[in-house]
Amino acid sequence: MDSRIFRDAMGRFATGVTVVTTQVDDETHGMTANAFMSVSLDPKLVTISIDHNAKMYSQIKQSQQFAVSILSDEQMDVSMHFAGQKENPAAVQFDFVSGIPVIRDALTAVVCNVIEFYEVGDHTLFIGEVLEIKLTDGNPLAFFGGKYGSYQPV
Ligand code: FAD
Ligand code: NAD
C-alpha cells in the first residue's frame, strides 16, 4: 500500500498537538508529536509513539523520563519549531516540573517515568507512568489533514 494513502487516512483523525520533552546530561530535547494517548486511570498511564529515526528515540531510551505538553492554539510556531518545519528559537520557553522541562503556557504538561516500551514497526511505544500534571486554561491547537487549525465546539 502507498504510504501517502495511509497518511491521508490517518490524517483524517483530528488530533491535538503536543511537544514531547526530555533531558539527558542537562541537555533538553523537544519534539512535536500527535501520537499521544491516555492509557490507564489506575495506575495513571499514557503512551507516545516515537519514530526510530527521531533523535527523541535515543534520548528517551537514555533518560527513561519524558513530559508531554499539550499545545494551545497560540503555539503553532512552537509546534512548527519542534517538528523542524520552521525554526523559531524565540518561541521556545521551558518551565521545569519535577526537574523535567515542559513547554511554558501549554494547556497541560504531564511528566512521566517510562515503565515499559514496545518496539512496533518503525516506531517505539513508550508507556509513561504519570508523576505530575500541570494545567493551564486556553484552547487547543488542532491537526487535521496535515494542517493546523483550532477547535470549534458545535
Ligand atoms: P530534531 O529534528 O533534531 O529536533 C526537532 C526540532 O526541535 C529542531 O528544530 C530542533 O532545533 C528543535 N529543538 C529540540 N530541542 C530543542 C531545545 N532544547 N531548544 C530549542 N529547540 C530545540 N514524529 C514521531 O515520531 N511521533 C509523532 O507522534 C509525531 N507527531 C507529529 C505531529 C505533527 C503535527 C508533526 C508536524 C510532526 C510529528 N512528528 C512525529 C514528526 C517529528 O516532529 C519530526 O520528525 C521531528 O523533527 C523529529 O525530531 P527529532 O527528535 O528527530 O529532533
Ligand atoms: P501527514 O499527512 O504526514 O500526517 C497525517 C497523519 O499520518 C499523522 O497525523 C499521522 O497519524 C500519520 N503519519 C504521518 N507520518 C507518519 C509516520 N512516519 N509514522 C506513523 N504515522 C504517520 O502530515 P504532514 O503535515 O505531512 O506531517 C509533517 C511531518 O511530520 C511528516 O514528515 C510526517 O511523516 C511527520 N509526522 C509523523 C508522525 C508520526 O507518528 N511519526 C505523525 C505526524 C506527522
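Note that the coordinates shown come from a computational prediction; the quantities given were computed from them, not determined experimentally.

Enquirer: Whenever I open this one, a nonpolar patch on the surface confuses me. Can you help?
Expert: A surface patch of nonpolar side chains, about 520 Å² in accessible area, is lined by Met 1, Ile 5, Phe 6 and Met 10. Among the secondary structure elements, Ile 5 is positioned in helix H1 (residues 3-10). Given the relative accessible area of 52%, Ile 5 is considered exposed.

Enquirer: Would you mind going over the sheet that holds strand E9 (residues 108-120) with me for this structure?
Expert: Pairing between the strands of a sheet is mediated by backbone hydrogen bonds and can be parallel or antiparallel. One open sheet accounts for seven strands, arranged E3-E2-E6-E9-E10-E5-E4; its pairing is antiparallel. A strand with exactly one partner marks an edge of an open sheet, and here the two such strands are strand E3 (27-33) and strand E4 (36-40). Each strand axis lies, on average, 35° off the axis of its neighbour in the sheet, ignoring direction. The sheet contact formed by E4 and strand E5 (residues 45-51) spans four bridges and is antiparallel. Pairing of Ser 38 across the sheet is with Val 46, part of E5. Of the strands in this sheet, strand E2 (18-24), E3, E5, strand E6 (65-70), E9 and strand E10 (123-135) touch helix H2 (residues 55-63), which is tilted by about 50° from E2.

Enquirer: What is the right way to look at H2 in this model?
Expert: The complete set of buried residues in H2 reads Met 56, Tyr 57, Gln 59, Ile 60 and Ser 63. Summarising the contacts, the buried residues of H2 are in contact with E2, E3, E5, E6, E9 and E10. In the stretch just after H2, Gln 64 is the one whose phi turns positive, near 60°.

Enquirer: Teacher, can you tell me more about the site of ligand 1 here?
Expert: In the vicinity of ligand 1, 24 residues are found, and the nearest of them are His 29, Thr 32, Asp 51, Lys 55 and His 81. Here a nitrogen atom of ligand 1 and a backbone polar atom of Gly 30 are 3.1 Å apart. At a separation of 2.8 Å, an oxygen atom of ligand 1 approaches a polar backbone atom of Thr 32. Contact with the protein chains hides 73% of the accessible area of ligand 1, taken as 990 Å² for the molecule alone. Of all the secondary structure elements, the ones that give two or more residues to the shell around ligand 1 are E3, E5, H2 and helix H3 (76-82).

Conventions used here
Residues numbered from 1 in each chain as written. Chains lettered and ligands numbered in written order. Predicted model: local features only at pLDDT ≥ 70, side-chain atom pairs only at ≥ 80, totals over all residues. Heavy atoms only, no water. Patch = residues over 30% accessible without salt bridge, like charges linked within 9 Å, V, L, I, M, F, W, Y side chains within 5 Å. Areas by Shrake-Rupley, 256 points an atom, 1.4 Å probe, with all protein chains shown as cover. Salt bridge = Lys/Arg side-chain N within 4 Å of Asp/Glu carboxyl O. Helix = DSSP H or I, 4+ residues; strand = E, 2+ residues; numbered from the N terminus. Buried < 20%, exposed > 50% of the residue type's maximum accessible area, 1.4 Å probe, protein only. Pairing = 2+ DSSP bridges. Axes fitted to C-alpha atoms, helices over the stretch in contact; angles between N-to-C directions. Contact = heavy atoms within 4.5 Å. Near = heavy atom within 4 Å. Polar contact = N/O pair within 3.5 Å; in protein donor to acceptor, adjacent residues only side chain to side chain.

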